Amino acid sequence: MTLKEKLLEKLEQSEDYLSGEALAEAFGVSRAAIWKGIKALENEGHEIIALQKKGYLLKTYGEKLDSDKILSFYQGKAPLRLEVHEALGSTNDYLKTLAEKGEHEWLAVLAERQTSGKGRLGRSFYSPKGTGIYLSVLLRPKLELKEASLLTILGATVVAKTIEAMLDKEVEIKWVNDIFIEKRKVSGILSEASLSLESKALDYVILGMGINVVKGKGLPSDLDNTFGALFEGEAPQAFRNEFVGTLLTELSSAYERVAQKDYLDYYREKSMVIGKEVYLVTPHQKEKVYVKAIDDFGALIIKDEKGNERLINSGEVSLRFE
Ligand code: BTN
């Protein structure tokens, strides 16, 4: 562990201010080294309150994530189990290891922060402490491989519905998995599927959801204009626990009907791309197309500039408006 990481761990465990002197002594380094470590953490997006006579305190937003509190809001029928971690590399990766060892479905894993949060298409997902919800759920749906994208659609639907239920805000969904409020992305979903070679069906799916609850100060500047959050200022104290409980309740009831596909109606209704001209972007090209519809497997039905109608799967493609 680097000094910066050790410092963060110590600050996370402390509910009171820690003096620079005490920290320097604990790690056997100079106070200047501690100050440098604190600045490096601030540059990564951690908010640290520094008071001259008292020292350093890591700022947290509202109450901590708590399994019992989340379960008190959970009303689903699915046999939910929860794990809450202070920090993980990626909740998806962590859960994948458990899935490979045979873990049953409906284990949900949360982390206060992720050190290497993952986004779609190999991107990283900025996951600082306290400002967001980083949640992964292990599911073992009885679906064929070609239906795997439906889980992403289901996830986006559930996140959007939960936001609408808890906040009086209009939500839009950008195919395939991005949730927007007032043209800013507030949530992204990464579902990762594993195929059973024997049955050629899905073995498991990890449904990973990242939600920006408040806008932390250290958002990388290239993301600052694109990303939004559920709240402009601070969130209500118990918001995250209630949100997660409500979201998992929504997920439990939507998942019962995963094969019926009725959630596709809501998804289409909230789509910000159907009936629009967009750019399909891959690492090699950018193509202007018109989006006609979304089919029953979650694929995009588009018309290209030559007038040909084509089907686009989410795999390697992202959508842009300009
Ligand atoms: C995207 O916007 O491209 C998808 C972002 C998905 C982020 C979530 S946070 C919880 C889970 N763990 C990860 O490493 N990623 C997903």
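The structure under discussion appears in the preceding block.
So, here is what we can say about the structure in this document. As the structure is a prediction and not an experimental result, all values here were calculated from the model.

**With respect to the overall build of the protein**
When its secondary structure is counted, the protein shows 9 helices and 14 strands. For a compact globule of 322 residues, the expected C-alpha radius of gyration is about 20 Å, and the protein comes in at 21 Å, within 12% of that figure. Expressed along its principal axes, the backbone C-alpha trace of the protein runs to roughly 70 × 45 × 40 Å. The buried share of the protein, taken over its 322 residues, is 50%. For the protein, restricting intrachain contacts to residue pairs at least 6 apart in sequence, the fraction spanning at least 24 positions comes to 63%. If you sum the accessible surface of the protein, you get close to 16,000 Å²; carbon and sulfur atoms cover 48% of it. Across the protein, the centroid of the 45 positively charged side chains sits 3 Å from that of the 50 negatively charged ones.

**Digging into the site of the ligand**
The local shell around the ligand holds 19 residues, among which Ser 90, Gln 114, Lys 118, Arg 120 and Lys 185 are the closest. A distance of 2.8 Å separates an oxygen atom of the ligand from a polar side-chain atom of Ser 90. Between a nitrogen atom of the ligand and a side-chain N or O atom of Gln 114, the distance comes to 3.0 Å. Considered on its own, the ligand offers 420 Å² of accessible surface; in the complex 98% of this is hidden by protein.

**Details of the sheet that holds strand S13 (residues 309-312)**
An order of S13-S12-S11-S10-S14 is seen for the 5 strands of this open sheet, with the pairing classed as antiparallel. In this open sheet, the two edge strands, each paired with only one partner strand, are S13 and strand S14 (318-320). Here the average twist between neighbouring strands, direction ignored, is 45°. Direction of pairing for strand S12 (residues 300-304) relative to S13: antiparallel, over a ladder of 4 bridges.

**Describing unusual backbone geometry**
Trans peptide bonds make up the majority, and among non-glycine residues the majority have a negative phi. Of note, the bond from Trp 175 into Val 176 is cis; its omega dihedral lies within 30 degrees of zero at 10°. By the element assignment, Val 176 lies in the loop between strand S6 (172-174) and strand S7 (178-181). Of note in this structure, Leu 121 is not a glycine but carries a positive phi near 55°. Its place among the elements puts Leu 121 in the loop between strand S4 (107-114) and strand S5 (132-139). The class of Leu 121 is partly exposed, set by a relative accessible area of 33%.

**Some words on the environment of Pro 236**
Here Pro 236 is to be found in the loop between helix H7 (221-224) and helix H8 (239-256). Through-space distance from the C-alpha of Pro 236 to that of His 46 is 20 Å; in sequence the pair is 190 residues apart.

**Remarks on the pattern of salt bridges**
Under the counting rule described, the total for this entry stands at 25 salt bridges. With a shortest N-O distance of 3.1 Å, Asp 203 and Arg 140 are connected by a salt bridge. Here Asp 203 is found in strand S9 (residues 201-212), whereas its partner Arg 140 is found in the loop between S5 and helix H6 (149-166), with 63 residues between them in sequence. Connected through salt bridges with shared partners, the residues Asp 93, Lys 96, Lys 118 and Glu 192 form a single ionic network.

**Considerations on helix H5 (residues 91-100)**
Within the span of H5, buried status applies to Thr 91, Asn 92, Leu 95, Leu 98 and Ala 99. Down the axis of H5, the buried set is contained in an arc of 125°. They therefore lie on one face. Elements in contact with the buried residues of H5: strand S3 (81-88), S4, S5, strand S8 (184-196) and S9. Positive phi appears at Gly 102, one or two residues downstream of H5, with a value of about 100°.

**A look at a nonpolar patch on the surface**
Nonpolar side chains collect at one region of the surface, where Leu 145, Leu 195 and Leu 197 lie side by side and expose about 290 Å² of accessible area between them. On the secondary structure map, Leu 195 appears in strand S8.

**So, the nonpolar core**
Buried together is how nonpolar side chains tend to be arranged in soluble globular proteins. Grouped together as the largest cluster of nonpolar side chains are 69 residues, with contacts concentrated most on Leu 135, Ile 163, Leu 230, Leu 248 and Leu 300. Residue contacts for Leu 248: discarding those within four places in its chain leaves Ile 70, Tyr 74, Leu 80, Leu 82, Trp 106, Ala 108, Leu 135 and Val 137.

**Digging into helix H3 (residues 31-43)**
For the α-helix, the turn length of 3.6 residues means that residues three or four positions removed from each other point alike. Taking 1.5 Å of rise per residue, 13 residues should cover 18 Å, and H3 covers 18 Å from first to last C-alpha, within 8% of that figure. Along H3, the residues that are buried comprise Ile 34, Gly 37, Ile 38 and Leu 41. The arc that holds every buried residue of H3, seen down its axis, measures 100°, which confines them to one face. Residues of H3 that are exposed and point more than 90 degrees away from the buried face comprise Ala 32, Lys 36 and Asn 43. Buried positions along H3 lie against helix H1 (3-13), helix H2 (20-27), strand S1 (48-51) and strand S2 (55-58).

Reading the values: rules and limits
Counting restarts for each chain: residues are numbered from 1 in the order of the written sequence. Per-residue local features are limited, in this predicted model, to residues with pLDDT of at least 70; the limit for side-chain atom pairs, both in listing and counting, is 80 or more; totals at the level of whole chains, interfaces and linings are taken over all residues. The side-chain quantities take in all heavy atoms of the structure and omit both hydrogens and water. Going along the chain from the N terminus, every DSSP run of H or I of four or more residues is numbered as a helix, and every run of E of two or more is numbered as a strand. The globule rule is 2.2 Å times the number of residues to the power 0.38, and the radius of gyration it is compared with is taken over C-alpha atoms. Classification of residues uses two cut-offs on accessible area relative to the type maximum, computed with a 1.4 Å probe and protein chains only: under 20% is buried, over 50% is exposed, and between them is partly exposed. Note on contacts: a residue pair is in contact if any heavy atoms of the two residues lie within 4.5 Å. Note that accessible areas follow from Shrake-Rupley with a 1.4 Å probe, and for residues the cover is restricted to the protein chains shown. Within this scheme the basic residues Lys and Arg register as positive and the acidic residues Asp and Glu register as negative, but His and the chain ends are omitted. In plain terms, the charge of a residue is placed at NZ if it is Lys, CZ if Arg, CG if Asp and CD if Glu. Near, as used in this document, describes a residue that has one of its heavy atoms within 4 Å of the molecule or strand being considered. Polar contact is defined as a pair of N or O atoms within 3.5 Å, subject to the rule that within protein one atom must be able to donate a hydrogen and the other to accept it, and that residues adjacent in sequence are counted only when both atoms are side-chain atoms. Should DSSP find at least two bridges between two strands, the strands are regarded as paired. Inter-axis angles, ranging from 0 to 180 degrees, are taken between N-to-C directions of lines fitted to C-alpha atoms, where helices are fitted over the stretch in contact. One side-chain nitrogen of Lys or Arg within 4 Å of one carboxyl oxygen of Asp or Glu is enough to make a salt bridge. The arc in question is formed by the directions pointing from the helix axis toward the C-beta atoms. Residues with no salt bridge and a relative accessible area higher than 30% make up the patches, which join like charges within 9 Å and nonpolar side chains (Val, Leu, Ile, Met, Phe, Trp, Tyr) within 5 Å. For this analysis, a nonpolar core means a set of buried residues of the types Ala, Val, Leu, Ile, Met, Phe, Trp, Tyr and Cys, connected via side-chain atoms within 4.5 Å. To estimate how far a helix should reach, multiply one less than its number of residues by 1.5 Å.

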